[in-house]
Amino acid sequence: MSEVISKVQSVPKVGFVSLGCAKALTDSELILTQLSAEGYQTSKTFQGADLVIVNTCGFIDDAIRESLDTIGEALAENGKVIVTGCLGAKTTTGGGNLVQQMHPSVLAVTGPQATQEVMDAVHANLPKPHDPFLDLVPNAFGVAGVKLTPRHYAYIKISEGCNHRCTFCIIPSMRGDLVSRPIGDVLKEAQALFEGGVKELLVISQDTSAYGVDVKYRTGFWNGKPIKTRTLELVQALGEMAQAYGAWVRLHYVYPYPSVDEIIPLMAAGMVLPYLDVPLQHSHPEVLKRMKRPASGERNLERIQRWREVCPEIVVRSTFIAGFPGETEEEFSHLLNFMREAQIDRAGCFAYSPVQGATANDLPGMLPAELREERRGRFMAVAEAVSVARLRRRIGATMQVLVDSAPALGKKGGVGRTYADAPEIDGVVQLLAPEKISKTLRVGEFTKARIVSALGHDLVAQPF
């Protein structure tokens, strides 16, 4: 017995912090899957871990500060820290590694999508407890591995990197050019997730619309049948698969290329959710030119109107930048008018941040930080007014809601989301206590609900 207890106590534990976007989250999931496969356990605290891995974000100044602060906290409370992610790839003006300069006592530093390098660092500082070929991964989704999200929804990354060179962005310098995953691998992972109980699959990448460009849309195989490595064919296959499981498919990071028009009829037919996360960034042609944005951005208003003609229920989410170098008051007013006319359902906005390494920093006309923040505030006021007005149109409608929280089987209500609400970035549906005593709510299941009111960015609904 004492020998068994000793073995349990000797199992090495790793603390893990995942910061940044959903693409970084999928990198974290790959690392955690490998850790679990090799027999490492995870610790919920820094103090209870044998070492800590911090997956960082290095995109904007606030994210950099959060990452550096988290590394410092982990070092203070644990002392043994491995750093990975986008911040790990950043260098100082002198060419040295930024993380190692700020925190020289970290054990190792890697860039993003570096699962093997991270595992090598773990092995060097905390030897693996057993052979992964002899043990199964607990709490995993088969080939899809370990997920950090609740079990009823999951992100699936279809490609890495980006071929664009937008002047405000440094992601290509950290994550490289576009590399599409084999379509058979993506579909195999999706099926494993659906079979494991996932009810909402969120498709992510740096540029979802460009999937397959790097391999010239070569033909792959799925279930013994040929299928082209292209966004349209992938979405069709995912939609058909999801229908068999009664699940949702949601598309993120979709650049508004003309080819996206082919996907809208699939939304109208109910194969995938009528929801598009489209990073528009601005509306004025001159600003878009200075940003070096792709996809004929000056025609976005016309494109969105055409999408709504084909699929009236479509919800469009987007992000924008206020105070870009050289932005005039006239150009900013153009953006506000675009928001009102395009009726963007969900919008986020960043004040321009002069990220180190971004070529936009060399453009003339850098605006004062106060003016950038002031314009961001004005933008959000318009965006919130548009969003609230569109939400109020749903009052009285009956909608399908995916339940995210339901204490005591929802007897006192719960929280969920409609097709219009992506997790963590959009609003939610506050579910009232069911009128029927026999009605229950369960996390990860769908319920029908009648929308009774709107509350800011959220809806209030009566399940039935």
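Residues numbered from 1 in each chain as written. Predicted model: local features only at pLDDT ≥ 70, side-chain atom pairs only at ≥ 80, totals over all residues. Heavy atoms only, no water.

Caption draft 1: Molecular detail of the sheet that holds strand E1 (residues 13-18). One open sheet holds the 5 strands; their spatial order is E2-E1-E3-E4-E5, and the pairing between them is parallel. The open sheet has two edge strands, strand E2 (41-43) and strand E5 (108-109), and neither has a second partner. With 3 bridges joining them, E1 and E2 adopt parallel strand pairing. Across the sheet, the residue bridging to glycine 15 is serine 43, located in E2. Where helix H5 (residues 115-125) meets the sheet, its contacts fall on strand E3 (51-56), strand E4 (81-85) and E5, and the angle it forms with E4 comes to roughly 175 degrees. (Pairing = 2+ DSSP bridges. Helix = DSSP H or I, 4+ residues; strand = E, 2+ residues; numbered from the N terminus. Contact = heavy atoms within 4.5 Å. Axes fitted to C-alpha atoms, helices over the stretch in contact; angles between N-to-C directions.)

Caption draft 2: Here's a closer look at the nonpolar core. In terms of nonpolar packing, the biggest core is built from 61 residues, with Leu187, Leu251, Met267, Leu276, Phe320, Ile344 and Phe379 touching the most fellow members. Every residue in contact with methionine 267, bar those within four places of it in the chain, is listed here: Leu251, Val272, Leu273, Pro274, Tyr275, Leu276, Cys311 and Ile314. Counting residues in each nonpolar core, the second largest holds 20 residues, with Val403, Ala422, Leu441 and Ile451 among its members. (Core = buried A, V, L, I, M, F, W, Y, C linked by side-chain atoms within 4.5 Å. Buried < 20%, exposed > 50% of the residue type's maximum accessible area, 1.4 Å probe, protein only.)

Caption draft 3: Geometry of the packing of helix H11 (residues 300-310) against helix H12 (residues 329-342). The N-to-C vectors of H11 and H12 enclose an angle of 10 degrees; their axes lie 10 Å apart at closest approach. The orientation of H11 relative to H12 falls into the category roughly parallel. Where H11 approaches H12, its residues Asn300, Leu301, Ile304, Gln305 and Arg308 are matched on the opposing element by Phe338, Glu341 and Ala342. Partitioned by chemical class, the residues of the contact of H11 with H12 number 4 nonpolar, 2 polar and 2 charged. (Parallel < 35°, antiparallel > 145°, perpendicular 65-115°, else oblique. Nonpolar A, V, L, I, M, F, W, Y, C, P; charged D, E, K, R; others polar.)

Caption draft 4: Local environment of the pattern of salt bridges. Tallied over the full model, the rule gives 27 salt bridges. Among the ionic pairs, arginine 181 bridges to glutamate 189, the shortest N-O distance being 2.8 Å. Residue classification places arginine 181 among the partly exposed positions, given a relative accessible area of 26%. Residues participating in the shared-partner salt-bridge network are Glu327, Glu329, Glu374, Arg375 and Arg378. (Salt bridge = Lys/Arg side-chain N within 4 Å of Asp/Glu carboxyl O.)

Caption draft 5: The environment of valine 310, seen in detail. Examined against the element boundaries, valine 310 turns out to sit in helix H11. Among the residues examined, valine 310 registers a relative accessible area of 42% and is labelled partly exposed. The residues contacting valine 310, other than those within four sequence positions of it, are Ile264, Pro265 and Ala268.

Caption draft 6: Local environment of the sheet that holds strand E16 (residues 398-405). Pairing in this closed barrel of 5 strands is mixed, and the strands run E16-E17-E18-E20-E19 around the ring. Going from strand to strand, the sheet's axes swing by 50 degrees on average, the running direction of each strand aside. Relative to strand E20 (residues 458-463), strand E19 (residues 446-455) is paired through 6 bridges, and the arrangement is antiparallel. Considered in E20, the bridge of isoleucine 451 is made with alanine 461.

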